[in-house]
Amino acid sequence: MARFVVLPVLIAFACLLAGLYGMVHNQISYTVGPDYFHAFKFHQFNIAEALPYRMGAAIVGWRASWWMGIVIGVPIAAIGLAMPTTGQMVRTFLGASLMVVGITLALGVASLAIPVDPSQYHHFRIPSGVEDVEGFVRAGLMHNTSYFAGLIGLVAGVIFMLVAVIRARRRTRPGG
């Protein structure tokens, strides 16, 4: 019974972690391409012009990513229900969640190392008034990569949880 009480708490934690990830992520991408925010994201998320830019980027990050905690947290937490104890469920869920965030952040930052060919800018929707087109494209690439990286992290988190459940259940079997 305790596991089902803990389940929504774990999912809420995943949403908090995803939102915080988005806030940190956007501090990095704002550094890379402020025009991405000024010409696109601030308008998209209705961020007031009077707000300090870094705070606006953090708010955009929160709004754009907290819900990924549901997408990633629900399947990982559901698998955790198969753990022999609630404590094991919580510890393994926390480990898997941190692993997902680490993978997502690492792949998002790694996308900044991808060479951006100016002849390919036409593949991106670049609003008028953008002064730093390369920065805009790099920040956009980092954002797009992070959603894909989150899905890669989800797969890794599910595998991590499944392996942890199998190992924990083997240890609790008589003679295991």
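Residues numbered from 1 in each chain as written. Predicted model: local features only at pLDDT ≥ 70, side-chain atom pairs only at ≥ 80, totals over all residues. Heavy atoms only, no water.

### Some details on helix 3 (residues 53-65)
Let me state the cut-off plainly: Each helix is a run of H or I in the DSSP string that is no shorter than four residues. Each strand is a run of E no shorter than two, and both are numbered from the N terminus. Multiply 1.5 Å by the residue count of a helix minus one, and that product is the helix's expected span. Contact between two residues is taken to exist if any of their heavy atoms lie within 4.5 Å; hydrogens are not considered.
Here helix 3 spans 18 Å end to end across 13 residues, near enough to the 18 Å set by a 1.5 Å rise per residue. Buried residues along helix 3 sit against helix 1 (2-32), helix 2 (34-44), helix 4 (68-80) and helix 6 (133-172).

### Some details on the packing of helix 2 against helix 3
Worth spelling out the cut-off: Angles here are taken between N-to-C directions and fall from 0 to 180 degrees, while the axes themselves are lines fitted to C-alpha atoms, restricted in helices to the stretch in contact. Here roughly perpendicular refers to angles of 65 to 115 degrees, roughly parallel to angles under 35, roughly antiparallel to angles over 145, and oblique to all remaining angles. Two helices that cross are described as forming a left-handed crossing if the nearer one is turned anticlockwise from the farther one by less than a right angle, and a right-handed crossing if clockwise. For this scheme, ten residues count as nonpolar: Ala, Val, Leu, Ile, Met, Phe, Trp, Tyr, Cys and Pro. Four count as charged, namely Asp, Glu, Lys and Arg, and the remainder, Gly too, count as polar.
Contact geometry of helix 2 with helix 3 gives a least axis separation of 10 Å together with a crossing angle of 45°. Compared by their axis directions, helix 2 and helix 3 come out oblique. Crossing of helix 2 against helix 3: the hand is left-handed. Across the interface between the two elements, Phe 37, His 38, Lys 41 and Phe 42 from helix 2 touch Tyr 53, Gly 56, Ala 57 and Val 60 from helix 3. When its residues are assigned to classes, the contact of helix 2 with helix 3 shows 5 nonpolar, 2 polar and 1 charged.

### Here's the deal with helix 2
Heads up, the condition is: Partly exposed residues are those whose accessible area sits between 20% and 50% of the maximum for their type, while under 20% is buried and over 50% is exposed, using a 1.4 Å probe and protein chains only.
Within helix 2 the residues assigned to the buried category are Asp 35, Tyr 36, Phe 37, Lys 41 and Phe 42. Where helix 2 is buried, its residues meet helix 1, helix 3 and helix 6. Directly after helix 2, the chain includes Asn 46, whose backbone phi takes a positive value near 55°.

### Digging into the environment of Phe 136
With respect to the helices and strands, the residue Phe 136 is situated in helix 6. Under the relative-accessibility criterion, Phe 136 is labelled buried at 4%. Residues Phe 136 and Gly 87, 49 residues apart in the sequence, show an inter-C-alpha distance of 45 Å.

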